[in-house]
Amino acid sequence: MEENNVIVQKSKSFALRIVKLNRFLCNEKKEYVMSKQVLRSGTSIGANVKEGIYAQSKADFNTKMYVALKEASETEYWLELLYESGYIDEEAFNSIYVDCKEILRILMSITKTLKEKSN
């Protein structure tokens, strides 16, 4: 089930990119505060999606997807701050930001569908 699940795959690949970004920010830019925040929120997306796959109930699944959506939104914010403060250049920002926006769109679609089904 997981190998064919787009959000599981994309959120894990994104988390790996975030880990590399964190390493770059710490080692090259000596930036430790925002890098820790983006690491936490960026890797939490996939962790919540993965937990949701094995949820105990529909309500538990819904909660995990909403948390993943919130973490993706927070990650978007930290990426914008890192770019606008000059810690990452435009090319690096655009590359990872596109992935973040795609994950946000997928999670918004999932949560919208869940909301419609519950009404």
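Use the structure listed above.
Cut-offs used in this document
Residues numbered from 1 in each chain as written. Predicted model: local features only at pLDDT ≥ 70, side-chain atom pairs only at ≥ 80, totals over all residues. Heavy atoms only, no water. Helix = DSSP H or I, 4+ residues; strand = E, 2+ residues; numbered from the N terminus. Rg over C-alpha atoms; globule rule 2.2 N^0.38 Å. Buried < 20%, exposed > 50% of the residue type's maximum accessible area, 1.4 Å probe, protein only. Contact = heavy atoms within 4.5 Å. Areas by Shrake-Rupley, 256 points an atom, 1.4 Å probe, with all protein chains shown as cover. Lys, Arg positive; Asp, Glu negative; His and termini not counted. Charge placed at Lys NZ, Arg CZ, Asp CG, Glu CD. Expected span 1.5 Å × (residues − 1). Polar contact = N/O pair within 3.5 Å; in protein donor to acceptor, adjacent residues only side chain to side chain. Arc of directions from axis to C-beta. Axes fitted to C-alpha atoms, helices over the stretch in contact; angles between N-to-C directions. Parallel < 35°, antiparallel > 145°, perpendicular 65-115°, else oblique. Left-handed = near helix turned anticlockwise from the far one by under 90°. Nonpolar A, V, L, I, M, F, W, Y, C, P; charged D, E, K, R; others polar.

### A closer look at the overall build of the protein
Thinking step 1. Each helix and strand counted, the protein has four helices and zero strands in total.
Thinking step 2. When its helices and strands are written in sequence order, the protein yields α-α-α-α.
Thinking step 3. Against the compact-globule benchmark of 14 Å for 119 residues, the protein has a radius of gyration of 15 Å, which places it among compact chains.
Thinking step 4. Counting only C-alpha atoms, the protein reaches 45 × 25 × 20 Å along its principal axes.
Thinking step 5. When each of the 119 residues of the protein is scored for burial, the buried share is 39%.
Thinking step 6. Counting contacts in the protein only where the partners sit at least 6 residues apart, residues at least 24 apart contribute 72% of the total.
Thinking step 7. For the protein, the exposed area adds up to about 7300 Å²; of that, 53% sits on carbon and sulfur atoms.
Thinking step 8. Charge separation in the protein, taken as the distance between the mean sites of 18 positive and 17 negative side-chain charges, equals 5 Å.

### Structural notes on helix α4 (residues 90-118)
Thinking step 1. The first and last C-alpha atoms of α4 sit 41 Å apart over 29 residues, in line with the 42 Å expected at 1.5 Å per residue.
Thinking step 2. Residues of α4 that are buried include every one of F93, I96, Y97, C100, I103, L104, L107, T111 and L114, and no others.
Thinking step 3. On its buried face, α4 sits against α1 (6-27), α2 (33-53) and α3 (58-84).
Thinking step 4. A distance of 3.3 Å separates the backbone nitrogen of E91 from a side-chain oxygen at the start of α4, and that oxygen is part of D89.

### Section: α1
Thinking step 1. Between its first and last C-alpha atoms α1 spans 32 Å; for 22 residues at 1.5 Å apiece the expected length is 32 Å, and the two agree.
Thinking step 2. Taken residue by residue, α1 has I7, V8, S11, F14, A15, I18, L21, N22, L25 and C26 as its buried positions. The buried side chains of α1 occupy one side of the element, clustering within an arc of 145 degrees when seen end-on. Relative to its buried face, α1 has exposed residues pointing more than 90 degrees away, namely K12, L16 and K20.

### Notes on the packing of α1 against α2
Thinking step 1. Running from N to C, α1 and α2 point in directions that differ by 160 degrees, and their axes come no closer than 9 Å. The orientation of α1 relative to α2 falls into the category roughly antiparallel. For α1 against α2, the interelement crossing comes out left-handed. Side by side, α1 and α2 meet where I7, V8, S11, F14, A15, I18, V19, L21, N22, L25 and C26 of the first sit next to S35, K36, V38, L39, G42, T43, I45, G46, V49 and I53 of the second.
Thinking step 2. Each residue belonging to the contact of α1 with α2 can be placed in one class, and the counts come to 14 nonpolar, six polar and one charged.

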